[in-house]
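# Analysis of the macromolecular model
The residues making up each chain are set out below.
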Amino acid sequence: RQCGGGTSSTRMAPIRVQSVLISESVDPRCRSILEENGIRVTEKHNMKKDELIAEIKDYDGLVVRSATKVTSDIINAASNLKIIGRAGTGVDNVDVDAATKKGIIVMNTPSGNTISAAELTCALIMSLSRHVPQAVMSMKAGNWDRKKFMGAELYGKVLGIVGLGRIGKEVASRMQSFGMRTIGYDPITPPEVATSWGVEPMSLEQLWPQCDYITVHTPLMPSTVGLLNDETFAKCKKGVKVVNCARGGIIDEAALLRALESGQCGGAGLDVFIEEPPKDRSLVNHPNVVSCPHLGASTKEAQARCGQDIAQQIVDMVNGKNLVGAVNAQVLASTFSQESHQMIALGKALGAVLQSCTSRNPCNNLRITTQGKKYWSNLMV
């Protein structure tokens, strides 16, 4: 996760994965690692939803980046699917609930793009402070206008970091080297840990009015949708600058535009949007907005790291090693334990016996009571 840090790692029994479909462009080492470990790989990029639904039934695993939307329809059509691997951090393009209900592991690469996303965040902060993109375009247009692009130093300014996970931590360490005071909020990271990173932990209510710059590094979830909105912008310093390299929707785009127009927000650096690419170009075209087409993980190093990481994580899962990066691991962990496999085998055997016993006299109701050292249940079938 981006907010809070921590990687899910679960010990589990081996899972059989013989074939994997890669639906987007990933580093070639992803395919190589899988094939070196006996897994058959097929690459088919840019498939439409109906094409993916027709294709996915033949595979045990699916590897995606951010463009493929793995909806419940696709998951329900995947009769053999055991693993969905996201070569990147966010999994909001995967219906995790639908996958969990079908016993499918959803896995990401928690640290693959950390450095790249942090560096882009820092680049946008610096671009906002010195109007670098606007000055470049002005020069290319044949102008020489020094007064128009008067900037401000970062030294001594306050940077508010909302979400102190891997990326937030790396942003803090880099911007501290510019002499910025870093303050932050995270509901999970312990205050003493944030303090050890040189970040002053505080509540959001304390954070908003202190910041000269705000950067968000949280997942997109109900509690973070529209985290920066009309109300929160009103609590900020006039002219505050904001950066979003996390997920579109964390900053309310309509509220941001209003804040830019009124001067309450002095500038925005946006790498992500609610709709990508954005059809409404109001923010993109605003003179005080520096925007990018979702480039947070678009470095050679990040793509190589994510592709290799997701392949190795799948191989480790197949070999029964630690399950790293599984976002629904806690729910599914017991399903894949060795003890559970023994119970499942026993259940199948009992079912076969019951089927033979009731083949002539069908059974309408069956009451099953199980008891043991760790588990008990009373089920009506």
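Residues numbered from 1 in each chain as written. Predicted model: local features only at pLDDT ≥ 70, side-chain atom pairs only at ≥ 80, totals over all residues. Heavy atoms only, no water.

### Section: the overall build of the chain
Defined as follows: Numbered from the N terminus, helices here are DSSP runs of H or I no shorter than four residues, and strands are runs of E no shorter than two. Per-residue and other accessible areas were derived by the Shrake-Rupley procedure at a 1.4 Å probe size, with only the shown protein chains allowed to occlude residues.
Within the chain, the secondary structure is distributed over 14 helices and 16 strands. As displayed, the chain has an accessible area near 19,600 Å², and 53% of this comes from carbon and sulfur atoms.

### Concerning the pairing of strand β3 (residues 40-43)
Definition in use: Two strands pair if DSSP finds at least two bridges between them. Orient the strands so they point away from the viewer, and a crossover whose first-strand-to-second-strand path over the helix runs clockwise is right-handed.
Here strand β2 (residues 19-22) runs beside β3; their pairing, made up of four bridges, is parallel. Within β3, the residue paired with I22 across the bridge is E43. For the handedness criterion, the β-α-β arrangement of β2, helix α1 (residues 28-36) and β3 is classed as right-handed.

### Considering the packing of α1 against helix α12 (residues 300-318)
This is how it is decided: To get an axis, a line is fitted to the C-alpha atoms, and for a helix only the part in contact is used. The angle between two axes follows their N-to-C directions and goes from 0 to 180 degrees. For this classification, under 35 degrees means roughly parallel, over 145 means roughly antiparallel, 65 to 115 means roughly perpendicular, and everything else is oblique. Crossing chirality is assigned from the near helix's rotation relative to the far helix, an anticlockwise turn below a right angle marking it left-handed and a clockwise turn marking it right-handed. In what follows, residue pairs with any heavy atoms lying within 4.5 Å of each other are defined as contacts. Note that Gly is not counted as nonpolar here; it falls among the polar residues with everything else outside the nonpolar set of Ala, Val, Leu, Ile, Met, Phe, Trp, Tyr, Cys and Pro and the charged set of Asp, Glu, Lys and Arg.
α12 packs onto α1 with a crossing angle of 20 degrees between their chain directions and a minimal axis gap of 7 Å. Looking at the two axes, α1 sits roughly parallel to α12. Helix-helix and strand crossings are classified by hand; for α1 and α12 the assignment is right-handed. Residue-level contacts link R29, C30, I33 and L34 of α1 to G307, Q308, I310, A311, Q312, I314 and V315 of α12. The residue inventory of the contact of α1 with α12, partitioned by class, reads seven nonpolar, three polar and one charged.

### A few points about the nonpolar core
So the rule is basically this: Here, nonpolar core refers to any group of buried Ala, Val, Leu, Ile, Met, Phe, Trp, Tyr and Cys residues whose side-chain atoms link them within 4.5 Å. With a 1.4 Å probe rolled over the protein chains alone, any residue whose accessible area is under 20% of its type maximum counts as buried; one over 50% counts as exposed, and the rest are partly exposed.
Grouped together as the largest cluster of nonpolar side chains are 30 residues, with contacts concentrated most on V162, W208, I214, L228, F233, V242 and L256. At the level of secondary structure, the elements contributing two or more residues to this core comprise β7 (158-162), α9 (204-207), β10 (213-216), β11 (240-244), α11 (253-262) and β12 (265-270). No other element matches the four residues that α11 contributes to this core. Contact partners of L256, with chain neighbours within four places excluded, come to F233, V242, I251, C265, A268, L270 and L283. With 25 residues, the next largest nonpolar core counts V20, V63, A87 and A311 among its residues.

### A look at the pattern of salt bridges
The cut-off we apply is this: The working definition used for a salt bridge is a side-chain nitrogen of Lys or Arg within 4 Å of a carboxyl oxygen of Asp or Glu.
The final tally for this structure, using the stated rule, is 14 salt bridges. Residue E231 pairs with K235 through a salt bridge whose shortest N-O separation is 3.6 Å. In this pair, E231 and K235 are both assigned in helix α10 (residues 230-235), four residues apart and thus about one turn of the helix distant. What makes E231 exposed here is its relative accessible area of 54%. You can call K235 partly exposed: its relative accessible area is 29%. A salt bridge links E275 to K279, with the shortest nitrogen-to-oxygen separation between them at 3.9 Å.

### Re the pairing of β2
Along any regular strand the residues' side chains alternate between the sheet's two faces. Judged by which residues are buried, β2 turns out to be covered on both faces: S19 and L21 on one side and V20 and I22 on the other are all buried. Bridge count for β2 against strand β4 (residues 61-64) is three bridges, and the pairing is parallel. The residue bridging I22 from the neighbouring strand is V63, located in β4.

### Considerations on the sheet that holds β4
Pairing is parallel across the open sheet formed by five strands, whose spatial order is β3-β2-β4-β5-β6. The open sheet has two edge strands, β3 and β6 (105-108), and neither has a second partner. Pairwise comparison of adjacent strand axes, ignoring direction, gives a mean angle of 20 degrees for this sheet. Its contacts with the sheet put α12 on β4, β5 (83-86) and β6, and the angle it makes with β6 is roughly 140 degrees.

### Some remarks on the confidence of the model for the chain
Note the threshold: The predictor reports its confidence for every residue as pLDDT, a score running from 0 up to 100.
Here the chain averages 90 in pLDDT, while 88% of its residues score no lower than 70. A low-confidence stretch, residues 1-7 stays under pLDDT 50, and its non-local contacts, those more than four residues away or across chains, total 33 contacts.

### Examining the state of the cysteines
Throughout this description, disulfide means a covalent bond between two cysteine sulfur atoms. Put simply, the rule reads: The disulfide definition used here is simple: a pair of cysteine sulfur atoms within 2.5 Å.
For the structure on display, the rule yields zero disulfides. As a non-bridged cysteine, C211 has C236 as the owner of its nearest cysteine sulfur, 6.7 Å distant. Of all cysteine sulfurs, the one in C292 lies closest to C245, which takes part in no disulfide; the gap is 7.2 Å. Looking at C245, the relative accessible area reads 8%, which means it is buried.

### Some remarks on α11
Applicable threshold: As used here, the arc is the angular range of directions from the helix axis to the C-beta atoms. Pairs of N or O atoms within 3.5 Å make up the polar contacts considered here, provided that, within protein, one atom can donate a hydrogen while the other can accept it, and that residues adjacent in sequence are counted only when both atoms are side-chain atoms.
Turning to α11, its buried residues number three or more, namely A255, L256, A259 and L260. Projected down its long axis, α11 shows its buried positions confined to an angular sector of 140 degrees, all on one face. The inward-facing, buried residues of α11 contact α10, β11, β12 and β13 (289-291). The distance from a side-chain oxygen at the start of α11 to the backbone nitrogen of A254 is 3.0 Å, and the residue carrying that oxygen is D252. Where α11 terminates, the next one or two residues include G263, which has phi positive at roughly 90 degrees.

### Examining the sheet that holds β13
Remark on secondary structure: sheet strands pair via backbone hydrogen bonds, oriented parallel or antiparallel. Reading across the sheet, the seven strands line up as β9-β8-β7-β10-β11-β12-β13 and stay open at both edges, with parallel pairing between neighbours. Two strands close off the open sheet at either side, each with one partner strand: β9 (200-201) and β13. Where β11 and β12 come together, five bridges link them in parallel fashion. Counterpart to V240 in the pairing with β12 is C265.

### Remarks on a nonpolar patch on the surface
Let me state the cut-off plainly: Only residues whose relative accessible area exceeds 30% and that take part in no salt bridge are eligible for patches, with like-charged residues grouped when within 9 Å of each other and nonpolar side chains (Val, Leu, Ile, Met, Phe, Trp, Tyr) grouped when within 5 Å.
On the surface, a cluster of nonpolar side chains totalling about 260 Å² of accessible area is made up of V132, V136 and M137. Its location among the elements puts M137 in helix α6 (residues 132-140).

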